[in-house]
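# A look at the structure
This is what each chain is made of:
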Amino acid sequence: MIRNATLPDGSRHDIEIRDGRIAALLPPTADEPGVMLLPPLVDGHIHLDKTLLGLAWVPNQATGGQVADRIEAERRVRAARTVSETETGANLVKQVMASGTLHMRSHVDIDNQLGLRNLQALLAIRQRFRNLVTIQIVAFPQSGIVRSPGTAELLDAAIAEGADLVGGLDPMGIDGDVDGPLDAIFAIATRRGVGIDIHLHDGGEGGISEMNAIAERTRASGLAGKVAISHAFALGSVPVDLAARTADTLAEAGIAIMSHGPGAATMPPLQLLRQHGVEVFGGSDNIRDAWSPFGNGDMLERAMLIGYRANFRHDHELELACEMVTSAAARVLGLADYGIRPGGPADLVAVEGETLAEAVAHHPRRKWVMKGGRIIARDGVLA
Ligand SMILES: [Zn+2]
């Protein structure tokens, strides 16, 4: 029994837990507030294969500021690695579990140098932690599709080997061609019956026309609700009426937008997207890897960063940031067994505080994390 807990809707209950599930939400038996409970945090965009967590510090080696420069820098870092991705990825899974993330969508690099090597590492990590966390895997063409010949076939093979979605990367910015790469990934998704999650950093009206091209193919392929665009910087770099029209197109096509609260790039207008019916969700993106020295996988801190970048101030705005890393991300990932309700899983995250807004603003250390009725972490440390 958890006494007098505050739930995300502000209600207080005693929570009866039996056989790993929530048996009942009962009237509170005490007056003083107990802990605030959140459902598990969901990281909608992480790169478990890229992280260097647990290794000695590796300085960033990119010689320019373009995506292509960073791809080259990562290849150098990868060549110098002495510890496997299986080990560093596991370090990151353990770290995010301690902060309450029990579900994640990880992209995994696939190109004609790597083949399916990093996918094998992720499949091993998924198997190792299968009783604690769910890991959805996106086969991600980090080096492009046109400029890395053979990658389309590898993406298809990755799905056959156990990846759950097909990824993509700036069709114009990296491949210099919108139709070729998009046709390739939609063909794989349709043939294999899986969803799509595309990294789209391309800004301005060019980025918007790529979103329209993605929406057109999503409708034509019957993939509504199974397609996401990660980053979508373009939506924040065009006039608001064009962003609004594009939001309508995305909502009609059933395309979700992921933002991690980018440090420097333009931010998609989250409230406007929501008002137009677009699902918005959050993710960490890069955590201490060849792309970013920052990040720690704490999704409440990420919600704060998203809110900070979006200039959120009011409680309803902070609540949106919290939803982006909990229920909204759970919907995008298609998690059926999620949420604090009678009959639901006893997967809970406890924090000090009384409101969601406070939890986001302060993102305090998690008092405990429960998985299936068992405490798996206390005070930010795995049990
Ligand atoms: Zn990413």
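Anything mentioned here points back to the structure above.
Keep in mind the model is a prediction, meaning the values are calculated, not measured.

How each quantity is defined
- Residue indices follow the written sequence of each chain, beginning from 1 at its first position.
- Selection of residues for local features in this predicted model requires a pLDDT of at least 70, selection of side-chain atom pairs for listing and counting requires 80 or more, and totals for whole chains, interfaces and linings are taken over all residues.
- Values reported for side chains reflect all heavy atoms of the structure, with hydrogen atoms and water molecules removed beforehand.
- Here, a salt bridge means any Lys or Arg side-chain nitrogen found within 4 Å of an Asp or Glu carboxyl oxygen.
- Comment: elements are numbered from the N terminus, with helices defined as DSSP H or I runs of at least four residues and strands as E runs of at least two.
- Partly exposed residues are those whose accessible area sits between 20% and 50% of the maximum for their type, while under 20% is buried and over 50% is exposed, using a 1.4 Å probe and protein chains only.
- Water is absent from the atoms considered, so a metal site may look incomplete; donors are defined as N, O and S atoms within 2.8 Å of the metal, or 3.2 Å for Na, K and Ca.
- Fitted lines through C-alpha atoms give the axes, limited to the stretch in contact for helices. The angle between two N-to-C directions lies from 0 to 180 degrees.
- With respect to orientation, any angle under 35 degrees is reported as roughly parallel, any angle over 145 as roughly antiparallel, any angle of 65 to 115 as roughly perpendicular, and every other angle as oblique.
- Here is the rule for handedness: rotate from the far helix to the near one, and if that takes an anticlockwise turn smaller than a right angle the crossing is left-handed, while a clockwise turn gives right-handed.
- Any pair of residues with heavy atoms lying within 4.5 Å of one another is described as a contacting pair.
- Three classes are used: nonpolar for Ala, Val, Leu, Ile, Met, Phe, Trp, Tyr, Cys and Pro, charged for Asp, Glu, Lys and Arg, and polar for all others, with Gly counted as polar.
- Note on pairing: DSSP must find at least two bridges between two strands before they are called paired.
- In protein, a polar contact requires one atom able to donate a hydrogen and another able to accept it; more generally it is a pair of N or O atoms within 3.5 Å, and residues adjacent in sequence count only if both atoms are side-chain atoms.

A few words now on the pattern of salt bridges. When the charged atoms of two side chains lie near each other, side chains of opposite charge can form a pair. Applying the stated rule across the entire model yields 24 salt bridges. In this structure, Glu74 and Lys50 form a salt bridge, with 2.7 Å as the shortest nitrogen-oxygen distance. Note that Glu74 is positioned in helix α1 (residues 67-80) and Lys50 in the loop between β5 (41-46) and α1, a separation of 24 residues in sequence. Look at Glu74 and you get buried, because its relative accessible area is 6%. Note on Lys50: relative accessible area 5%, which makes it buried. When the shortest N-O distance is used, the salt bridge between Arg75 and Asp111 registers 3.1 Å. Of this pair, Arg75 sits in helix α1 while Asp111 is found in the loop between β6 (101-109) and α3 (117-128), placing the two residues 36 residues apart along the sequence. Within the structure, one salt-bridge network assembled from shared partners comprises Lys50, Glu74, Arg78 and Asp109.

The next thing to look at is the coordination of the zinc ion. For the zinc ion, the protein coordination sphere consists of His45 (NE2), His47 (NE2), His199 (NE2) and Asp285 (OD), at 2.1 to 2.2 Å. Mapped onto the sequence, the residues coordinating the zinc ion show the spacing H-x1-H-x151-H-x85-D. Of this pair, His45 sits in strand β5 while His199 sits in strand β9 (residues 195-200), and the two are 154 residues apart along the sequence. In this pair, the class of His45 matches that of His199, namely buried.

Turning to the packing of helix α7 (residues 204-221) against helix α8 (residues 240-253), a few remarks are in order. Closest axis-to-axis distance for the α7/α8 pair is 9 Å, and the angle between their directions is 20°. By the angle between their axes, α7 is roughly parallel relative to α8. For the crossing formed where α7 meets α8, the hand is left-handed. Across the interface between the two elements, Glu205, Ile208, Met211, Asn212, Ala215, Thr218 and Arg219 from α7 touch Leu242, Thr246, Thr249, Leu250 and Ala253 from α8. By residue class, the composition of the contact of α7 with α8 is six nonpolar, four polar and two charged.

Judged by pairing direction, the sheet is parallel, and its eight strands sit side by side in the order β5-β6-β7-β8-β9-β10-β11-β12 without closing on themselves. The two strands at the open ends of the sheet, each matched to only one other strand, are β5 and β12 (280-282). For this sheet, the mean inter-axis angle between neighbouring strands, taken without regard to orientation, is 25°.

All right, on to unusual backbone geometry then. A positive phi angle, near 85°, is found at His231, a position not held by glycine. Secondary-structure assignment places His231 in strand β10 (residues 227-231).

Burial of strand β14 (residues 368-371) is two-sided: the residues Trp368 and Met370 facing one way and the residues Val369 and Lys371 facing the other way are all buried. As defined by bridge partners, strand β13 (residues 348-351) adjoins β14 across three bridges and the pair is classed as antiparallel. Bridge assignment links Leu348 to a residue of β14, and that residue is Met370. Relative to strand β15 (residues 374-378), β14 runs antiparallel, the two sharing four bridges. Note that in β15 the partner of Val369 across the bridge is Ala377. The hairpin turn running from β14 into β15, its antiparallel successor, is two residues long, and Gly372 in that turn takes a positive phi close to 55°.

A separate point is helix α11 (residues 315-324). Taken together, the buried positions of α11 are Glu317, Leu318, Leu320, Ala321, Cys322 and Met324. Packed against the buried residues of α11 are β11 (255-259), α9 (270-275), β12, α10 (299-309), α12 (327-333) and α13 (356-362).

So, about the environment of Ala79. Within the secondary structure, Ala79 sits in helix α1. Among the residues examined, Ala79 registers a relative accessible area of 69% and is labelled exposed. Along the chain, Ala79 and Ala310 lie 231 residues apart, while their C-alpha atoms are 37 Å from each other.

This part takes up the environment of Arg313. Checked against the element boundaries, Arg313 lands in the loop between α10 and α11. You can call Arg313 exposed: its relative accessible area is 61%. Polar contacts involving the side chain of Arg313 include one to the side chain of Asn311, which spans 2.7 Å.

This brings us to the side chain of Glu16. With respect to the helices and strands, the residue Glu16 is situated in strand β2 (residues 12-18). Of the polar contacts made by the side chain of Glu16, one reaches the side chain of Arg18; its length is 2.2 Å. Beyond its immediate chain neighbours, meaning those up to four positions away, Glu16 contacts Met1, Arg21, Ile22, Ala23, Ala24 and Leu26.

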